Amino acid sequence: MTTISDAKVLITCPGRNYVTLKITTSDGVTGIGDATLNGRELSVASYLRDHVCPLLLGKDPSCIERIWQYLYKGAYWRRGPVTMTAIAAVDVALWDIKGKQAGLPVYQLLGGAVRDGVTVYGQASGEDIPQLLDDVGRILDRGFRAVRAQAAVPGVERVYGVPDGGRTGEQAGGGRPSVEGWDTGRYLNWVPRYMATVRQEFGHGFHLLHDVHHRLTPIEAAHLGKSLELFRMFWIEDPTPAEDQEAFRLIRQHTTTPLAVGEVFNSIWDCQYLITERLIDYIRTSVSHAGGISHLRKILSLAELYGVRSGAHGAGDLSPVSFAAALHVDLSVQNFGMQEYMEHLPPYQDVFKTTWTFEDGLMHPGDAPGIGVEYDEEAAARFAYDPKYLPVNTLADGSVHDW
Ligand code: EZ4
Ligand code: CO
């Protein structure tokens, strides 16, 4: 019988920190999974290294679901971002191995492609409206069919989604977490103004998205949704902190703007109520933070019953391994909605050799056996772990607000 003969954790920082689990079988096949949890990287690395890797040795790598259940039920302590990111890394590495053994890309093992490619949204931002319009234009010119628009808010020093110094998508920084100020009133007044100019300038022939990043109360989110209805958003994301799931009922009663949530969820239990009560339109759980391909597929099967579509988180702090894994899932589920694409920062490509393609706004994971990403350990060793934190938000009175 083929067994797992080695499992090791690899940490690197080619532009940003990534934690990768590499599993090797007794007949020499390797698979990799993403174990990155932005700003808390070493907790997952330790969970794997100290508690999971030793348990994997000697197990049959073909038993993906059985190993998943063993790690989930066997820990006794269930769910949570650290546990579920660690289990996800094992799950994706085992799917990678299964694909390589079968000589098939993972999407073929998942039932094959139900679409030609995966619609991804690009990220547009600006320090002011003209800059935002330039950026939207640049993204549409590159062929994207969907764009997320985030602009700075006059009077607010730093705003989520508007990168400092042009490093698109980079948010974490060294030292203590940076502090960003927040002002809900200014934000609520400003967003409809810039969305109006985006639609005036570029029309309605593409999908327009926006990430609120958990900052509003339910009634404020309802107001924002209403004020954006004319611009026919594809979704507004994370309108409120989603621990309070009943809040979505209030938002929904007031607006027809579609709602997306779930990037900080890590299990099907976090999604169940919102899906079965039809309080959301898109569920944004990712492969790497919600238990891997196996668990994400269960979430999406539940969602399919209730007309909720996928909208997977795809920020640059999810490594190319989990982004590729997401493309395999997206290609193979009927209720795919949209995939976030925040391009990884160079020199990520020195470490992660990918096979995905982008053409005409659609991405495809490629047809290499497995996930289609190879990890160059020699190159990775050149980029030492660099501790970083995501920012925190405060209001004018110094109290902490959701970031
Ligand atoms: O802030 O992944 O939709 N994307 C996002 C991301 C998150 C980061 C946090 O690490 O909200 O940019
Ligand atoms: Co988001």
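The structure displayed is predicted, hence computed values, not measured ones. (Residues numbered from 1 in each chain as written. Chains lettered and ligands numbered in written order. Predicted model: local features only at pLDDT ≥ 70, side-chain atom pairs only at ≥ 80, totals over all residues. Heavy atoms only, no water.)

Draft legend 1. View of the site of ligand 1. Close to ligand 1 lie 16 residues; Tyr 160, His 213, Glu 237, Glu 263 and Asp 317 are nearest. Residue Asp 211 places a side-chain N or O atom 3.0 Å away from an oxygen atom belonging to ligand 1. Residues belonging to the shell around ligand 1 are distributed by class as follows: five nonpolar, four polar and seven charged. (Near = heavy atom within 4 Å. Polar contact = N/O pair within 3.5 Å; in protein donor to acceptor, adjacent residues only side chain to side chain. Nonpolar A, V, L, I, M, F, W, Y, C, P; charged D, E, K, R; others polar.)

Draft legend 2. Inspection of the packing of aromatic side chains at higher detail. Inspection of every chain in the model, using the stated rule, returns 14 aromatic pairs. A network of ring pairs unites the aromatic residues Phe 144, Phe 323, Tyr 341, Trp 356 and Phe 358 as a single cluster. In this structure, Lys 59 is placed above the aromatic ring of Tyr 70, and the distance from its NZ or CZ to the ring centre is 4.0 Å. Over the ring of Trp 182 we find Arg 215; its NZ or CZ atom is 4.8 Å from the centre of that ring. (Phe/Tyr/Trp six-rings, centres within 6.5 Å; stacked < 30°, edge-to-face > 60°. Lys NZ or Arg CZ within 6 Å of the ring centre and 35° of its normal.)

Draft legend 3. Seen up close, the coordination of the cobalt ion (ligand 2). Looking at the cobalt ion (ligand 2), the protein donor atoms are Asp 211 (OD), Glu 237 (OE) and Glu 263 (OE), and they sit 1.9 to 2.1 Å from it. Coordination geometry of the cobalt ion (ligand 2): the six donor atoms subtend angles of 25 to 176 degrees at the metal centre, consistent with an arrangement described as irregular. (Donors = N, O, S within 2.8 Å, 3.2 Å for Na, K, Ca; no water. Tetrahedral: all angles 85-135°; square planar, octahedral: opposite > 155°, others 65-115°.)

Draft legend 4. Focus on the side chain of Thr 83. Within the secondary structure, Thr 83 is located in helix α3 (residues 81–102). Among the polar contacts made by the side chain of Thr 83, one reaches the side chain of Tyr 47 at a distance of 3.4 Å. Not counting the four nearest positions on each side in its chain, Thr 83 is found in contact with Tyr 47 and Trp 77. (Helix = DSSP H or I, 4+ residues; strand = E, 2+ residues; numbered from the N terminus. Contact = heavy atoms within 4.5 Å.)

Draft legend 5. The arrangement of the pattern of salt bridges in detail. Enumeration according to the criterion identifies 21 salt bridges in this entry. Salt-bridge contacts for Lys 22 lead to Glu 377; the nearest nitrogen and oxygen are separated by 2.5 Å. Taken as a pair, Lys 22 in strand β2 (residues 18–25) and Glu 377 in helix α13 (residues 377–380) lie far apart in primary sequence, 355 residues in all. Looking at Lys 22, the relative accessible area reads 18%, which means it is buried. Look at the salt bridges and you will find they share partners, linking Arg 148, Asp 211, Glu 237, Glu 263, Arg 284 and Glu 340 into a network. (Salt bridge = Lys/Arg side-chain N within 4 Å of Asp/Glu carboxyl O. Buried < 20%, exposed > 50% of the residue type's maximum accessible area, 1.4 Å probe, protein only.)

Draft legend 6. Structural detail: a negative patch on the surface. On the surface, a cluster of negative charge is made up of Glu 127, Asp 128, Asp 134 and Glu 201. Note on Glu 127: relative accessible area 42%, which makes it partly exposed. (Patch = residues over 30% accessible without salt bridge, like charges linked within 9 Å, V, L, I, M, F, W, Y side chains within 5 Å. Areas by Shrake-Rupley, 256 points an atom, 1.4 Å probe, with all protein chains shown as cover. Lys, Arg positive; Asp, Glu negative; His and termini not counted. Charge placed at Lys NZ, Arg CZ, Asp CG, Glu CD.)

Draft legend 7. The sheet that holds strand β17 (residues 392–394), seen in detail. Overall, mixed pairing links the three strands, which are arranged β6-β17-β18 in an open sheet. Among the strands making up the open sheet, the edge pair consists of β6 (179–181) and β18 (400–401). The pairing of β6 with β17 spans three bridges and is classified as parallel. Along β17, the bridge assignment pairs Gly 181 with Thr 394. (Pairing = 2+ DSSP bridges.)

Draft legend 8. Spatial organisation of the packing of helix α2 (residues 64–74) against helix α10 (residues 292–305). For the pair α2 and α10, interaxial distance at closest approach is 9 Å and the crossing angle is 90 degrees. The orientation of α2 with respect to α10, classified from their angle, is roughly perpendicular. Together, Ile 64, Glu 65, Trp 68 and Gln 69 of α2 and Ser 294, His 295 and Lys 298 of α10 make up the contact between the two elements. (Axes fitted to C-alpha atoms, helices over the stretch in contact; angles between N-to-C directions. Parallel < 35°, antiparallel > 145°, perpendicular 65-115°, else oblique.)

Draft legend 9. Broad picture of the nonpolar core. Ranked by internal contacts, the top residues of the largest apolar core, which has 117 residues, are Ile 23, Leu 48, Val 90, Ile 283 and Ile 293. Per-element tally for this core: the top contributor is α3, with ten residues. Residues lining this core come from more than one domain, with at least three contributed by each of domain 1 (4–104) and domain 2 (109–368). In terms of nonpolar packing, the next biggest core, distinct from the first, is built from eight residues, Tyr 121, Ala 146, Phe 234 and Trp 235 among them. (Core = buried A, V, L, I, M, F, W, Y, C linked by side-chain atoms within 4.5 Å. Domains from an automatic or database assignment.)

Draft legend 10. Structural detail: the pairing of β2. Among the eight residues that make up β2, eight are buried, leaving the element largely enclosed by the rest of the structure. On β2, burial covers both faces: Tyr 18, Thr 20, Lys 22 and Thr 24 on one face and Val 19, Leu 21, Ile 23 and Thr 25 on the other are all buried. The pairing of strand β1 (residues 4–12) with β2 spans eight bridges and is antiparallel. Paired with Asp 6 across the two strands is Thr 24, which belongs to β2.

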